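Observations on the model geometry
The chain contents come next:
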Amino acid sequence: MPLKMKKIFFSFFSSLKLTITLLIIIAVASILGTIIPQQYGGGESFRHLSPGLFKVFNSLQLFDMYHSVWFIILMGLLSLNLIVCSLDRFPASWKLFTAIPSPDRSKPFENLPPESVILTEKDRNEVIESVANILTKRYKKIRRKDADSATFFYGERGSYSNFGVYIIHLSSLIVISGAIIGSLLGFQAFVNIPEGESTNTVHLARQKGVKKLDFTVRCDKFSISFYDNGMPKEYRSNLSFIKDNNVILEGPLLVNHPITFNGIRFYQASYGSTPGGKAYITVIRENKEENTLKVKQRDSFYLKEKNTKVKILRIEKNLMSMGPAVLINIQSPEGNMQFWVFKHIDKIRERIPGLFKKVPKFNPGRFKPYYFKLDRIESNYYTGLQLSHDPGVVIVAIGSIFIILGLFITFFSSHKRLWVRVDEQDGKTKISVGARSNKDPVGLKREVEHLLSYFSSIG
Amino acid sequence: MIINTVILSWVTFIYFGSAVFYIFKMVTGKEFCGSLASIIAFIGLIAQTAGLILRWFESYKMGIGHAPLSNLYESLIFFSWTTVLLYLIIEWRVKTKNLGAFVVPFAFFSMAFASFSPNVNARIQPLIPALQSNWLISHVITCFFGYAALTIACGLGFMYLLKGLEKGESPRLFFRLLPDREIVDELTYHSVVIGFIFLTLGIITGSVWAYSAWGSYWSWDPKETWSLITWLIYAAMLHSRFVRGWRGKRMAIMSIIGFASVLFTYFGVNYLPGLHSYF
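Residues numbered from 1 in each chain as written. Chains lettered and ligands numbered in written order. Predicted model: local features only at pLDDT ≥ 70, side-chain atom pairs only at ≥ 80, totals over all residues. Heavy atoms only, no water.

Residues and elements named next belong to chain B. The domains assigned to chain B are domain 1 (1-117) and domain 2 (131-279). Taken over C-alpha atoms, the centre of domain 1 sits 20 Å from the centre of domain 2. Of the roughly 2500 Å² buried where domain 1 meets domain 2, counting both sides, 85% is carbon and sulfur surface. When the buried surface of domain 1 facing domain 2 is broken down by residue, Leu69, Phe79 and Phe102 rank first, second and third, together holding 22% of it. Here domain 1 and domain 2 share 0 salt bridges between them. Inspection of the region where domain 1 meets domain 2 yields 3 residue pairs in polar contact (both at pLDDT 80 or more). Those elements giving two or more residues to the side of domain 1 that touches domain 2 turn out to be helix 1 (3-28), helix 3 (72-94) and helix 4 (100-116). Take the side of domain 1 that touches domain 2: its biggest share by element is 13 residues, from helix 3. (Domains from an automatic or database assignment. Buried area = accessible area lost by both parts, 1.4 Å probe. Salt bridge = Lys/Arg side-chain N within 4 Å of Asp/Glu carboxyl O. Polar contact = N/O pair within 3.5 Å; in protein donor to acceptor, adjacent residues only side chain to side chain. Helix = DSSP H or I, 4+ residues; strand = E, 2+ residues; numbered from the N terminus.)

Residue and element names in this part refer to chain A. Taken in spatial order, the 5 strands make up an open sheet running 1-18-17-3-2, and their pairing is antiparallel. Only two strands of the sheet have a single partner each, and these edge strands are strand 1 (117-120) and strand 2 (141-146). On average, adjacent strands in this sheet sit at an angle of 15 degrees to one another, irrespective of strand direction. Direction of pairing for strand 2 relative to strand 3 (residues 150-157): antiparallel, over a ladder of 6 bridges. Across the sheet, residue lysine 145 finds its bridge partner in strand 3, namely phenylalanine 152. Its contacts with the sheet place helix 6 (residues 124-138) against strand 1, strand 2, strand 3, strand 17 (416-425) and strand 18 (428-437), and it is angled at close to 170 degrees to strand 17. Packed on one face of the sheet, helix 11 (residues 441-458) meets strand 1, strand 3, strand 17 and strand 18 and runs near 160 degrees to strand 18. (Pairing = 2+ DSSP bridges. Axes fitted to C-alpha atoms, helices over the stretch in contact; angles between N-to-C directions. Contact = heavy atoms within 4.5 Å.)

With that settled, the discussion passes to the sheet that holds strand 14 (residues 325-332) of chain A. Residue and element names in this part refer to chain A. Strands sit in the order 12-13-14-15 across an open sheet of 4 strands; the sheet is antiparallel. At either end of the open sheet lies a strand with only one pairing partner, and these are strand 12 (300-302) and strand 15 (335-342). This sheet shows a mean twist of 25 degrees between the axes of neighbouring strands, independent of strand direction. Pairing of strand 14 with strand 15, which is carried by 8 bridges, proceeds in the antiparallel orientation.

A word on the pairing of strand 6 (residues 210-226) of chain A. Residues and elements named next belong to chain A. Across 5 bridges, strand 5 (residues 198-204) lies against strand 6 in antiparallel orientation. Among the inter-strand pairings, valine 202 is bridged to a residue of strand 6, identified as lysine 211. What sits between the antiparallel neighbours strand 5 and strand 6 is a turn of 5 residues, in which arginine 206 has the positive phi angle 55 degrees. Where strand 6 lies against strand 7 (residues 232-243), 10 bridges are found, and the strand directions are antiparallel. For lysine 221, the partnering residue across the bridge sits in strand 7 and is asparagine 238. Counted along the chain from strand 6 to the antiparallel partner strand 7, the turn is 5 residues long, and its residue glycine 230 has a positive phi close to 95 degrees.

Our focus in this paragraph is the interface of chain A and chain B. Counting from both sides, the interface comprises 42 residues of chain A and, opposite them, 40 residues of chain B. Here chain A packs against chain B, burying approximately 3700 Å² in sum over the two surfaces, 73% of which is carbon and sulfur. Our count for the contact surface shared by chain A and chain B stands at 13 residue pairs in polar contact (both at pLDDT 80 or more). Among the secondary structure elements, those contributing two or more residues to the side of chain A that touches chain B are helix 2 (16-35), helix 5 (69-98), helix 7 (164-185), strand 7, strand 10 (264-285), strand 16 (370-389) and helix 10 (393-412) of chain A. Ranked by residue count, the leading element in the side of chain A that touches chain B is helix 10 of chain A, at 10 residues. Per-class residue counts for the side of chain A that touches chain B are 24 nonpolar, 12 polar and 6 charged. (Nonpolar A, V, L, I, M, F, W, Y, C, P; charged D, E, K, R; others polar.)

Moving on, we come to the packing of aromatic side chains. The tally for this structure, following the rule as stated, stands at 50 aromatic pairs over all chains. Aromatic side chains A:Phe90 and A:Trp94 sit 6.2 Å apart centroid to centroid with 25 degrees between the ring planes, which places their arrangement in the stacked category. One end of the pair is A:Phe90 and the other is A:Trp94, both in helix 5 and 4 residues apart, which spans about a single turn. Site record: aromatic cluster; members linked through ring pairs are B:Phe78, B:Phe79, B:Trp81, B:Phe113, B:Phe144, B:Tyr147, B:Tyr266 and B:Phe267. Note that A:Arg376 overlies the ring of A:Tyr280, its terminal NZ or CZ placed 4.1 Å from the centroid. The ring of B:Trp246 has B:Arg250 sitting right over it, with the charged end atom 4.3 Å from the ring centre. (Phe/Tyr/Trp six-rings, centres within 6.5 Å; stacked < 30°, edge-to-face > 60°. Lys NZ or Arg CZ within 6 Å of the ring centre and 35° of its normal.)

Right, let's talk about the domain arrangement of chain A for a bit. Domain parsing of chain A yields domain 1 (3-92), domain 2 (100-158 + 414-456), domain 3 (183-271 + 382-400) and domain 4 (276-381). Look at where the C-alpha atoms of domain 1 of chain A and domain 3 of chain A centre, and you get two points 33 Å apart.

What follows deals with the packing of helix 5 of chain A against helix 7 of chain A. Residues and elements named next belong to chain A. Running from amino to carboxyl end, helix 5 crosses helix 7 at an angle of 155 degrees, the nearest separation of the two axes being 10 Å. In terms of orientation, helix 5 lies roughly antiparallel with respect to helix 7. In terms of crossing hand, the pair formed by helix 5 and helix 7 is left-handed. Residues Ser79, Leu82, Ile83, Ser86, Arg89, Phe90 and Ser93 of helix 5 form the contact with helix 7, whose participating residues are Tyr166, His169, Ser172, Leu173 and Ile176. Looking at the contact of helix 5 with helix 7 residue by residue, the classes come out as 6 nonpolar, 5 polar and 1 charged. (Parallel < 35°, antiparallel > 145°, perpendicular 65-115°, else oblique. Left-handed = near helix turned anticlockwise from the far one by under 90°.)

The predicted structure's coordinates, where accompanied by low pLDDT, should not be read in detail. Across chain B, the average pLDDT comes to 89, with 95% of residues at 70 or higher. Both scores are available for the predicted complex, with the pTM at 0.85 and the ipTM at 0.91. (pLDDT = per-residue confidence, 0-100.)

The next point concerns the state of the cysteines. All names here are of chain B. Inspection of the entire model under this criterion finds 0 disulfides over all chains. Sulfur of cysteine 143: no disulfide; nearest cysteine sulfur belongs to cysteine 154 and is 18 Å away. Judged by its relative accessible area of 11%, cysteine 143 is buried. (Disulfide = S-S within 2.5 Å. Buried < 20%, exposed > 50% of the residue type's maximum accessible area, 1.4 Å probe, protein only.)

Let us now look at the side chain of A:Thr383. Residue and element names in this part refer to chain A. Relative to the helices and strands, threonine 383 resides in strand 16. Given a relative accessible area of 0%, threonine 383 falls into the buried group. Within the local environment of threonine 383, its side chain forms a polar contact with the side chain of serine 237, the two groups lying 2.7 Å apart. The residues contacting threonine 383, other than those within four sequence positions of it, are Val191, Asn192, Ile193, Cys219, Phe222, Ser237, Gln268, Ser270 and Tyr271.

Take the side chain of A:Ser432 next. All names here are of chain A. Within the element layout of this structure, serine 432 appears in strand 18. The class of serine 432 is buried, set by a relative accessible area of 1%. Beyond its immediate sequence surroundings of up to four residues, serine 432 is in contact with Phe109, Leu112, Ser116, Val117, Trp419, Val420 and Arg421.

All names here are of chain A. Counted under the stated rule, the structure contains 19 salt bridges over all chains. The residue glutamate 121 makes a salt bridge to lysine 428 at a minimum N-O spacing of 4.0 Å. With glutamate 121 in the loop between strand 1 and helix 6 and lysine 428 in strand 18, this residue pair connects regions lying 307 residues apart in the sequence. Overall, lysine 428 belongs to the partly exposed group, its relative accessible area being 30%.

Spelled out as structure tokens, the structure:
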């Protein structure tokens, strides 16, 4: 790159204006992302409202904004800006860190407030030694210079505070790189597994197709428990992880307690019930012979008359808001007959007088001399699992810890530099203290007061 | 009504009283009003602390024990608690009572919203599975101390702008009683720093929690995104101060804009679809 271009490149990417502009653009874009639906197919409702706008939004990847090319470019520019700024300013900070200014500078002693000067009757050489002692106890880096008319000292502490900002910026880059590694080498997926079934195929997030695992996950059982007030207390999936027909790991999966297997973390994400389920039906013959059966959809069984077959056509958890119901078909020599068996048939009859006359199909005693009762329905659950494999997490975690460290160094430490001069004035020994700091003037003032109180105890 | 909610609704009135006296103090300059305001605020804080502890105990008595940080009611109470606590510490350290008129009203509004809004349920509720985590306490505490510090920064921003209205050689008593602009500016900066650090900690504890609950440390949920937006605003503010040396009015305005973003992160996000819906 020619030198001039390099210069332009550097001055463009090292400007704070660019940083602020990028921060604002990213903030505004993020706001957009919280307003425009970002879920899979989130744009669908939009498509109906305005097909033209949908096309524009879709081509700008606004429905998956945070993974769009332009958002990634923005993040890339911000990272570049961070790197160039740090490279640009680091040499100066390094100089501040390593360089020890000469003790006999005159500038720090200009315009000293009167309280920063102590006059004492004591012998000058004695005072110089005491000052030297106090300073070696308090500071690590100390310089001394003896001149004819005066002795100068320089001491400093907290020079590391110049690096706080770089630690924050570098660790932000580490976090970003961890996120990139995670999105390139990791994956997010989800899968629904009905109770008792197993699978080794999961759906990748953001419609990236399916993925085959090199092991099988079986959902042995899914259960929900509730508090007394009806709020959910626990979602629990009993999972088995199977490899080569052997159960390698078994355990309950709860929200907030993921299970890791083969480097993949499994989370309890959702649940639902599969259509159908099990129904418990009691068959009564002539008001006395009772027989309770557990049936699934499409099951069939014979009644006492061997030529009469009962088939379960449908199992509904809530038919027309009248509660659980089962549709059965009875095949007999007289022909086919279909009717619904409601769990709450007595209540329904109370509400709608003459129901069976109006709707014979709701009469559970339609096939004489039998009467059918639906005791209860048990639904079949499926568990919704979220899977995640993210090798970038460790890097992001390390970056985050260093961001916190960097913040504390930046805001709660300061590079305090102190100059002390011992000379004579009107036959007395004079101690003057000058000080500079990169930030925190209050802390610097306290430091100077501390030092002065030590010095005044000399004399 | 359970005893803790009775205490907490009384605290609302106590903070109201305190805010009124702080405003009297600011307008009239009477030290007596200021001292009274501080004492009232302190009594309110103690009563509120007692109320929160009682609520914690009561939840255990109900067999669903958890820290009182689990729904909108409890978060509003906790927000005003952190704000008053932080404010009283600053008042004690800096020895100026004028700020109270700009901060304590926020604590009062938060309490009033919690106690009297029909949309806020004051009952102690059990924890739903997503909230059953050890990270709940650290996440909520860091976030709300951040919110409190940024609330105080916003109050200081308003104070700075008000002081800016001062005109002429002999300004009215009211203006003369406000602290010097340099002091207000310095205090704003310190509050923002504290708020920024807590906000960072809040985001980090939140992502650690998300990593164990939702399968990803960052999923661009609206609340996450808005906390990032807030973070970016304050980051921009601190950079312009450090690198460009921005001071005074610009900082005051940015502290108010930042706080608007905090408010949206806290409340506004509830109107957007997302995972944080229980807050």
